[in-house]
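Architecture and fold: a report
Below are the chains, spelled out letter by letter.
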Amino acid sequence: MSVINLMETASGLPEAWSSLQLGRVGAACVKVLRMDEMPVAEESHSAAEALLVLDGRLELVADGTPVSVRAGELFMVAAGTVHTVGPGSRGTLVIVELPEE
């Protein structure tokens, strides 16, 4: 077991929106990434995912509905939900998801 400083880990990543897998909990992957104000292409997944904003803000559009997720807030994306990241998202994000097969 080890302690991971999520903020330092995210700030040390070479590119924004390039996640680093920290480990697994059962079948789920736990990842951290740095957001950088730029939008991200639309996507959907076969399983639900959890998006936890540690600092900053995530500007999300889920099934056409804008959602602003602030520091300390968690957004659960249901399986099959089409979602995209809008401009203005910045800070540190933790993602918990099942790997796509």
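Because the structure is predicted, anything quoted here is derived from the model rather than measured.

**Side note on the pattern of salt bridges**
As enumerated under the stated definition, the model contains four salt bridges in all. One salt bridge in this structure joins E37 and R90, with 3.9 Å as the shortest N-O distance. Of this pair, E37 sits in the loop between strand 2 (28-36) and strand 3 (40-43) while R90 sits in strand 8 (residues 90-97); the two residues are 53 residues apart in sequence, bridging distant segments of the chain.

**Looking at the layout of surface pockets**
By volume, the largest pocket is sized at about 260 Å³. Along its surface, the largest pocket is lined by 18 residues, and W17, L33, V40, E43 and I95 are the ones closest to its centre. Where the lining of the largest pocket is concerned, the elements lending two or more residues are strand 2, strand 3, strand 4 (49-62), strand 7 (83-85) and strand 8. In terms of residue count, the dominant contributor to the lining of the largest pocket is strand 4 (four residues).

**Some details on the side chain of H45**
Along the polypeptide, H45 turns up in the loop between strand 3 and strand 4. Looking at H45, the relative accessible area reads 16%, which means it is buried. Looking at H45, its side chain comes within polar contact range of the side chain of E43, at 3.2 Å. Once residues lying within four places of it in the same chain are set aside, the contact partners of H45 are A79, G80, H83, E97 and E100.

**Regarding the confidence of the model for the protein chain**
Confidence in the prediction for the protein chain averages 93 pLDDT; 98% of positions are at 70 or higher. Within the protein chain, the element-level pLDDT minimum falls on strand 3, averaging 88, and the maximum on strand 6 (residues 74-77), averaging 97.

**A closer look at unusual backbone geometry**
Positive phi values are uncommon outside glycine, yet W17 reaches one of about 65°. Secondary-structure assignment places W17 in the loop between helix 1 (6-11) and strand 1 (20-25). The phi dihedral of D63 falls on the positive side, at around 50°, and the residue is not glycine. You can see D63 is positioned in the loop between strand 4 and strand 5 (65-70).

**Let's talk about the pairing of strand 8**
Both faces of the sheet carry side chains from a regular strand, because those side chains alternate between them. With respect to burial, strand 8 is a largely interior element, six of its eight residues being buried. Of the strand pairs in this sheet, strand 2 and strand 8 are connected by eight bridges, and their pairing is antiparallel. Looking at the pairing, L33 lines up with L93 of strand 8. Alignment of strand 4 against strand 8, held across eight bridges, turns out to be antiparallel. Across the sheet, G56 pairs through a bridge with G91, a residue of strand 8.

Procedures and definitions
Residues numbered from 1 in each chain as written. Predicted model: local features only at pLDDT ≥ 70, side-chain atom pairs only at ≥ 80, totals over all residues. Heavy atoms only, no water. Salt bridge = Lys/Arg side-chain N within 4 Å of Asp/Glu carboxyl O. Helix = DSSP H or I, 4+ residues; strand = E, 2+ residues; numbered from the N terminus. 1 Å grid on protein atoms, 1.4 Å probe; cavity = no way out; pocket = protein on both sides within 12 Å on 5 of 7 lines; lining within 4 Å. Points joined across faces, edges and corners; volume = space filled by probe spheres on them. Buried < 20%, exposed > 50% of the residue type's maximum accessible area, 1.4 Å probe, protein only. Polar contact = N/O pair within 3.5 Å; in protein donor to acceptor, adjacent residues only side chain to side chain. Contact = heavy atoms within 4.5 Å. pLDDT = per-residue confidence, 0-100. Pairing = 2+ DSSP bridges.

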